[in-house]
Each structure stands twice: as C-alpha cells, then as structure tokens.
Amino acid sequence: MKTVIRIGIAAAAALGLMAAAPASSAAEHTSARTKQTSTTLATVDIKGVQVDEKASSDTRRIIEADAPTAVAAANVCGSGYTISTGAWRYDGYGTTYTWTNGTSGAGYYDRPICAVFFNDSGYTKYMGVRLRSNYTADAPAEDFGAFGSYAGPVYQKRGYCGTVYSYMEASNGNVLVDRTQTVGSCN
C-alpha cells in the first residue's frame, strides 16, 4: 500500500511539474519578448540605410536623396552606429546626422547617440555640433572649430530625445547655421 501511495505521490508531483513547467516557461518567454521589444528600435530600410521607423519625412527624404553620404556619416560615428534617428539639411551649408545602435540602453530613451555636422559648402568654416542628453545632469558633448569636412563625431550614452545643435559661420562672421533639433521622435 505504501508503495502505491509513494508511486501516486511521485506521479502527481511529476504531473504537477510538467503542468507548471510550460506555464513558467511561457511566462519567461513572454517577458523576454517584452524586454526585447522595449529595447529594440523599429527601423525601415531606405536605399540600404536603416532609419528609425518614427523618423520624420524630412529625414527620410534627405537619406533617400543621398544614401552614400548618410552611410559615410554613420561610418564617422564608428562601429555599431547603423540606425539613423535624424537628418537635417541647412540651405546647402551643411547637414547634421544623428545615429544610434538601436539596441543598447536600459530603455527606449536611453539609447546611445552620435552626431556629426557635415560641411556641404566646399570651404573651411568655423562650425560645430553639440549633443545634449535627455537627462539634464549629463554634460553636453561638443566639437567646435574650423572644419572643411565635418564637426564631430560627438556622443551621448543616453541621447535619444535629447537635442543636437548645429552652428556654422561665414569667414566674415555672419551666422549661416544656428539650429537646434530634437534627436529621435519624442513629444
């Protein structure tokens, strides 16, 4: 009789474990999917360039018009910065690009960002780019000077929803570009 009871208890325990295992396993997979979804940035492909799905129509047009230059901007930022979060063209004087790796960072707004301001004028200009995090405690990253190609790259560890400032002046001191943009699509 004891043997039958032990076998019955063992069988019930085994059935309980089998019944519980899929439930906990499914819960683990669900939380893993939720975590992946909350940290992965959705993108669209524009002529071989990955662009934040929420990027503005202006960003999309700029990248579509000159995808090779956009890729060059990403290369300036370095390995891993492959997703465009914004592009702004300033009257033929310059173009600012922001890039992320799209996956790292604790949350959606904690993505690392790189910014580069390209000199499209064909002449060396005093210019600069400043990247501010979306956290006021973080110091801005900036690069200002006389550049013929570009200012930057500058980086913020959690710059999505921060701001990027682009500045350029003519040799006579007239300001050609003086603009601040929001990085990413944020309210």
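Scope of this entry: the structure provided in the associated data block. Computed from a prediction, not measured in an experiment: that's the story for all the values here. Here the residue numbers are simple positions, counted from 1 along each chain's written sequence. This being a predicted model, a pLDDT of at least 70 is required before a residue's local features are given, and a value of 80 or more before pairs of side-chain atoms are given or counted; all residues contribute to the totals for chains, interfaces and linings. As a rule here, side-chain values cover all heavy atoms of the structure and leave hydrogens and water aside.

Our focus in this paragraph is the overall build of the protein chain. The number of helices and strands found in the protein chain is 3 helices and 10 strands. Along the protein chain, helices and strands appear, N-terminal first, in the series α-β-β-α-α-β-β-β-β-β-β-β-β. Between buried and exposed lies partly exposed: a residue is buried under 20% and exposed over 50% of the maximum accessible area for its type, with that area taken using a 1.4 Å probe on protein chains only. For the protein chain, buried positions account for 37% of its 187 residues. Per-residue accessibility takes into account occlusion by the displayed protein chains alone, with areas from the Shrake-Rupley method and a 1.4 Å probe. Split by element, the accessible area of the protein chain, about 10,200 Å² in all, is 55% carbon and sulfur. Strands are runs of DSSP state E lasting at least two residues, helices are runs of H or I lasting at least four, and both sets are numbered from the N terminus onward.

To continue, consider helix 2 (residues 57–65). Every buried residue of helix 2 is listed here: T59, I62 and I63. Mapping the buried residues of helix 2 onto a view down its axis gives an arc of 95°, with all of them on the same face. Along helix 2, exposed side chains directed more than 90 degrees from the buried face belong to R61 and A65. The criterion used for residue contact is that any of the two residues' heavy atoms lie within 4.5 Å. Against strand 1 (43–46), strand 2 (49–52), helix 3 (67–77), strand 3 (83–90) and strand 4 (94–100) lie the buried residues of helix 2. This arc is built from the directions going out from the helix axis to the C-beta atoms.

In these notes, a set of buried Ala, Val, Leu, Ile, Met, Phe, Trp, Tyr and Cys residues joined through side-chain atoms within 4.5 Å is what counts as a nonpolar core. F117, V129, L131 and V164 are the most contacted members of the largest nonpolar core, which totals 20 residues. For this core, the elements supplying multiple residues, two or more each, are strand 3, strand 5 (113–119), strand 6 (125–132), strand 7 (141–147), strand 8 (150–156) and strand 9 (163–169). Of all hydrophobic cores here, the second largest spans 18 residues; its members include I46, V51, A74 and W99.

The next thing to look at is the sheet that holds strand 10 (residues 175–182). Pairing in this open sheet of 4 strands is antiparallel, and the strands run 7-6-9-10 from one edge to the other. Strand pairing shows two members of the sheet lacking a second neighbour, strand 7 and strand 10, which therefore form its edges. Pairwise comparison of adjacent strand axes, ignoring direction, gives a mean angle of 5° for this sheet. Two strands form a pair only when DSSP identifies at least two bridges running between them. In this sheet, strand 9 lies alongside strand 6 in antiparallel orientation, the contact comprising 7 bridges. Among the inter-strand pairings, R132 is bridged to a residue of strand 9, identified as T163. Axis lines are fitted through C-alpha atoms, for helices just across the contact stretch, and the angle between N-to-C directions can take any value from 0 to 180 degrees.

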